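Commentary on secondary and tertiary structure
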Amino acid sequence: MSGWDIGSDLIHITLVYATALMFGALGGLWSERSGVVNIAIEGMMTIGAFTGAVVTYFAGSPWIGFIAAAVAGAIFALPHAVASVTYKADQTISGVALNFLAVGLGLYLTKLIFDGQGQSPNLASGGTSLMIAKVQIPFLSDIPFFGHAFFEAYPTTYIVLALMLVTWYILFKTPWGLRIRAVGEHPKAADTAGVNVYLVRYMAVLTSGAFAAMGGATLALTTTASFSHSTVAGQGYIALAALIFGKWHPIGAVAAAAFFGVVTAVKFLLPYIGLGHVPLDIISMLPYALTLIVLVSFIGRATAPLASGVPYEKGSR
Amino acid sequence: MNAKERNTDVFFLPLIAIVLGLALGAVIMLLGGYDPIAAYRALLNKAFGSMYNFGETIRQITPLILTGLAVAFAFRTGLFNIGAEGQFLVGSLASLYVGVEWTFLPTVLHAAAAVAAGALAGAFWGALVGYAKAKRGVHEVITSIMLNWIALFFVNYMVKTFFLPAGQQRSVAVAETSYLNIPFVTELFSNARLSFGFVIALLCAVFFHYYLFRTKGGFELRAVGFNRHAAQYAGMNVNGGIVRAMAISGAFAGIAGAVEVLGVFHYQSVLTVSPGYGFQGIAVAMIGGTAAFGTVLGAVLMGILTFGAAGMKFGANVPPELVNIVIALIIFFLAASGIIKPVTRWFRARKQRKEAA
């Protein structure tokens, strides 16, 4: 492979592996911007991967599975909203509970449905593949370098990039977004101005669940082809890190998720750039070490939404 | 709410949460067509059915006490340590190194040095999180996550490079002089892999309580956790406190790693995923209300449930993952205790009626 091919491939593979993280990071963003800490992205992605794989298997269409995953994610996020908004629970603890619940529920139901198997059936094997297929955008995919890099991808990648723009537009250009941000920064002021703090937070947390679950479904329907305990395996936590790294901004969060995706791509391409002999462990470690160094040396103080993690009590100051 | 009500709530809320969690778990089993009574009986039988199983349950509980203390300690100082997982791993690596290499030490000293090495490595890994937070303002959750992954790959790399016999997936064994096991205890429990580590874990719980509530340093850390700005105004060294708190927190998790290597496996495997004790420690600390004694009880509950879960598969054909659902429900009810407050209120009202009658 020439240098150009490798560069083009690097971007291509990065987009494949970063897509799920982008969904997860955007999901976390909705909740946290409204002032509800969301450590449960991991759990929401797990539920999404489970629902995506299982519904696709029975319905015979990955898109039905994908949409079902989004719905399941919103439903799964409901207890987090009830706990954090209505019952003013410690949002971190509630999130931890949801992560445990997702792993337990996902595997319990998988074993219940598939006769004790710890893994859903492989969606890629058998007569016809039930996976979401890559698309080639006409004409654009013929452009040298950029064609393969950007215009020959899973549709989910385009969906998440579109959702990034939608999120950005809603948050910063619409009254609804202004309400979400106000509730996340200063709920008392928002309340005084007539915003229903509880309603806004409920909607934001449910949206969060739907987005993150689409990320989980992306994993099951584009890369892993089934649901098992190792489908999500910590990627929700990386999405959370990407959200913080990206400073709670939609474009920042997606860019940070892409940064983590680069790693996986580099791992695949090592042999082609003459680094096949470098231990995989060292390569795998690098992105995290690099992120840490960047954070400690340049970025500094994280700017979480002010009211993040603080339950709102109507009438309190 | 008066003080007496608060005290009964501290005791009753976890209890009700546990009962509700187990009850809902039973409902879920019924919905799945399983027999919950047989399942819970099989669970208890697995956890306590024989001296061997009882010993293995204690083995399961031991690291949970320590990672639970790690999370609870940080929580008390206003920090969320999601990195006990990584601190656990570097602790196990350090104790493996001392256990394998420092064979010039005599029996008891060797084990002590190996545990100390685990504690120090964990403390260092935790202190990094504290430093990034205190000096550079980086959120502890993100540094913890990064350090978890770095620890996983770093420990694997070190084990593969320096401790792996050719073609094996597990390291060479530590010297017997560094074992934490006591022969007659092991015999008593029919060769279950329990060790002196359990006593170390309990001593750590005592230290946790003593340090936080009986020393000036501990008072400072609690003050920082309660209100950082007030602590600063009172002339306390807030940044130093954050680093110190994370170091102590990491030391607990590091000791957990040491105990696993020196008391259970006597070697370190090449890992594909983290062992999960750090994340379970979060649950343990929450169930225990981030208090020392509570954390021990939380670990006992968690240890029984996770070790006994395997029994449910054989005893009642119930997938062991059900236990994670039960644990999740318990934590959830504790977090959103408002949901179960009506129950405690009802209990109190009934008691008062009885007293009046």
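All figures in this text were calculated on a predicted structure; none of them were measured in a lab.

As for the overall build of chain A
Along its length, chain A carries 12 helices and 2 strands. Beginning at the N terminus, the succession of helices and strands in chain A can be written as α-α-α-α-β-α-β-α-α-α-α-α-α-α. Here chain A has a C-alpha radius of gyration of 20 Å; the compact-globule value for 317 residues is 20 Å, and the two agree. Overall, chain A is about 65 × 50 × 40 Å in size when its C-alpha atoms are taken along their principal axes. With 317 residues in all, chain A has 56% of them scored as buried. Of the roughly 12,600 Å² of accessible surface on chain A, a fraction of 68% belongs to carbon and sulfur atoms.

Some words on the overall build of chain B
Along chain B, the regular secondary structure elements total 15 helices and 0 strands. Scaling as 2.2 N^0.38, a compact globule of 357 residues should have a C-alpha radius of gyration of about 21 Å, and chain B matches this with 22 Å. Dimensions of chain B, computed from C-alpha atoms along their principal axes, come out at roughly 75 × 60 × 35 Å. For chain B, the residues scored as buried account for 58% of the 357 residues in total. Considering only intrachain contacts with a sequence separation of at least 6, the fraction spanning at least 24 residues in chain B is 78%. Of the accessible surface of chain B, which amounts to about 15,200 Å², a share of 66% is contributed by carbon and sulfur atoms. Of the side chains in chain B, 25 bear a positive and 13 a negative charge, and the two mean positions are spaced by 10 Å.

Some thoughts on helix α3 (residues 51–76) of chain B
Because each turn of an α-helix spans 3.6 residues, side chains separated by three or four positions in sequence point in the same direction. All names here are of chain B. When the terminal C-alpha atoms of α3 are compared, their 37 Å separation across 26 residues agrees well with the 38 Å that a helix rising 1.5 Å per residue should span. Counting buried positions along α3 gives 21 out of 26 residues, so the element sits mostly inside the fold. At the exit of α3 stands Gly78, carrying a positive phi of roughly 80°.

Quick look at the pattern of salt bridges
Residue and element names in this part refer to chain B. Under the criterion given, the structure shown has 7 salt bridges over all chains. When the shortest N-O distance is used, the salt bridge between Lys133 and Glu140 registers 2.7 Å. For the pair Lys133 and Glu140, a shared accessibility class is recorded, and that class is buried. Where Lys216 meets Glu220, a salt bridge forms, and the shortest distance between an N and an O atom there is 3.6 Å. Taken as a pair, Lys216 and Glu220 lie in helix α9 (residues 216–226) at a separation of 4 residues, close to a single helical turn.

Observations concerning the interface of chain A and chain B
At the junction of the two partners, chain A supplies 45 residues and chain B supplies 47 residues. For the chain A face of the interface with chain B, the top three residues by lost area are Phe100, Tyr108 and Asp281 of chain A, together amounting to 19%. The interface formed by chain A and chain B holds 2 salt bridges in total. One salt bridge connects Glu321 of chain B with Lys111 of chain A, and the closest N-O pair in it is separated by 3.1 Å. If you look at where chain A meets chain B, you find 5 residue pairs in polar contact (both at pLDDT 80 or more).

So, the nonpolar core
Membership of the largest hydrophobic core comes to 212 residues, with the highest contact counts inside it found for Phe73, Ile145, Val318 and Ile331 of chain B. Sequence-distant contacts of Ile145 of chain B, that is, excluding residues within four places in its chain, are made with Tyr237, Leu240 and Ala241 of chain A together with Ile82 of chain B.

Things to note about helix α5 (residues 107–136) of chain B
Counted at 1.5 Å a residue, the expected span for α5 of chain B with its 30 residues is 44 Å, and the 43 Å between its end C-alpha atoms agrees. One or two steps after α5 of chain B, the chain reaches Gly137 of chain B, where phi turns positive at roughly 70°.

A closer look at the packing of aromatic side chains
All names here are of chain A. Taken as a whole and judged by the stated rule, the model has 36 aromatic pairs over all chains. Note on Phe50 and Phe227: the rings are 5.6 Å apart at their centroids and 75° apart in plane angle, and the pair reads as edge-to-face. Here Phe227 lies in the loop between α9 (197–224) and α10 (235–245) and Phe50 lies in helix α2 (residues 41–59), a separation of 177 residues in the sequence. By relative accessible area, Phe227 is classed as buried at 1%.

Quick notes on the side chain of Arg59 of chain B
All names here are of chain B. When you line up the elements, Arg59 lands in helix α3. By relative accessible area, which is 8% here, Arg59 ends up buried. One polar contact links Arg59 to Gln60, side chain to side chain, over a distance of 3.3 Å. Not counting the four nearest positions on each side in its chain, Arg59 is found in contact with Arg193, Leu194, Glu260, Val264, Tyr277 and Phe307.

Some points on the UniProt feature "transmembrane region" (unreviewed entry) in chain A
Residue and element names in this part refer to chain A. When the UniProt feature table is mapped to this numbering, "transmembrane region" (unreviewed entry) covers residues 6–29, 36–57, 63–83, 95–114, 153–172, 198–221, 253–273 and 285–307. Within residues 63–83, the helical portion is 100% and the strand portion 0%, while the C-alpha atoms at the span's ends are 31 Å from each other. Measuring from the first to the last C-alpha atom of residues 95–114 gives 28 Å, for a span that is 95% helix and 0% strand.

Description of the environment of Glu187 of chain B
Residues and elements named next belong to chain B. One can find Glu187 in helix α7 (residues 183–188). Glu187 sits in the exposed class, given a relative accessible area of 62%. Distance in space between the C-alpha atoms of Glu187 and Phe80 is 40 Å, their sequence separation being 107 residues.

A closer look at the side chain of Ser249 of chain B
Along the chain, Ser249 of chain B falls in helix α11 (residues 238–265). Using a relative accessible area of 0% as the deciding quantity, one classes Ser249 of chain B as buried.

Thoughts on a nonpolar patch on the surface
All names here are of chain B. On the surface, Leu44, Phe48, Met51, Phe54 and Leu188 cluster together into a nonpolar patch covering about 450 Å² of accessible area. Going through the elements one at a time, α2 (36–48) and α3 are the ones with two or more residues in the nonpolar patch. On the accessibility criterion, Leu44 (46% relative accessible area) is partly exposed.

Some details on the packing of α2 of chain B against helix α13 (residues 292–316) of chain B
Residue and element names in this part refer to chain B. Their axes nearest at 7 Å, the elements α2 and α13 cross at an angle of 125°. When the axis of α2 is compared with that of α13, the two are oblique. The handedness of the crossing between α2 and α13 is right-handed. On the side of α2, the interface is formed by Ala38, Ala39, Ala42, Leu43, Lys46, Ala47 and Phe48, while α13 contributes Ile304, Leu305, Phe307, Gly308, Ala309, Ala310, Gly311, Met312, Gly315 and Ala316. When the residues that make up the contact of α2 with α13 are grouped by side-chain class, the tally is 13 nonpolar, 3 polar and 1 charged.

Reading the values: the criteria
Throughout, residues of each chain are indexed from 1 in the direction in which the sequence is written. Here the convention is simple: chains get letters from A, ligands get numbers from 1, in the order in which they are written. Only residues with pLDDT of 70 or above have their local features reported here, since the model is predicted, and side-chain atom pairs are shown and tallied only from 80 upward, although totals for entire chains, interfaces and linings are computed over all residues. Hydrogen atoms and water are omitted, and side-chain values are computed over all heavy atoms in the structure. Numbering of helices and strands starts at the N terminus; helices are DSSP runs of H or I of at least 4 residues and strands are runs of E of at least 2. Based on C-alpha atoms, the radius of gyration is set beside the globule rule, defined as 2.2 Å times the residue count to the power 0.38. A simple rule labels every residue: compare its accessible area, found with a 1.4 Å probe on the protein chains alone, to the largest value its type can have, and call it buried under 20%, exposed over 50%, or partly exposed in between. Only the protein chains shown count as covering a residue, and every accessible area follows the Shrake-Rupley method with a 1.4 Å probe. Here, residues are in contact when the closest pair of their heavy atoms is within 4.5 Å. Counted as positive: Lys and Arg. Counted as negative: Asp and Glu. His and the chain ends are not counted at all. Note that the charge is assigned to NZ on lysines, CZ on arginines, CG on aspartates and CD on glutamates. Any helix carries an expected span of 1.5 Å times its number of residues minus one. Criterion for a salt bridge: a side-chain nitrogen of Lys or Arg within 4 Å of a carboxyl oxygen of Asp or Glu. The buried area of a pairing is the accessible area, by a 1.4 Å probe, that goes missing from both parts when the two are put together, added over both. Polar contact criterion, stated in full: a pair of N or O atoms within 3.5 Å, where within protein one must be able to donate a hydrogen and the other to accept it, and residues adjacent in sequence count only if both atoms are side-chain atoms. What makes a nonpolar core is a set of buried Ala, Val, Leu, Ile, Met, Phe, Trp, Tyr and Cys residues whose side-chain atoms join them at distances within 4.5 Å. By convention, a stacked pair of Phe, Tyr or Trp rings (six-membered ring in the case of Trp) has centres within 6.5 Å and planes under 30 degrees apart, an edge-to-face pair has planes over 60 apart, and any other such pair is tilted. UniProt positions are given in the numbering used here, feature names are shortened, and annotations may be inferred rather than shown by experiment. Surface patches are drawn from residues lacking salt bridges whose relative accessible area is over 30%; two like charges belong together within 9 Å, two nonpolar side chains (Val, Leu, Ile, Met, Phe, Trp, Tyr) within 5 Å. Angles shown run from 0 to 180 degrees and are taken between the N-to-C directions of axes, each axis being a line fitted to C-alpha atoms and, for helices, limited to the stretch in contact. Convention used here: angles under 35 degrees read as roughly parallel, angles over 145 as roughly antiparallel, angles from 65 to 115 as roughly perpendicular, and any remaining angle as oblique. Here is the rule for handedness: rotate from the far helix to the near one, and if that takes an anticlockwise turn smaller than a right angle the crossing is left-handed, while a clockwise turn gives right-handed. Nonpolar residues are Ala, Val, Leu, Ile, Met, Phe, Trp, Tyr, Cys and Pro. Charged residues are Asp, Glu, Lys and Arg, and all others, Gly as well, are polar.

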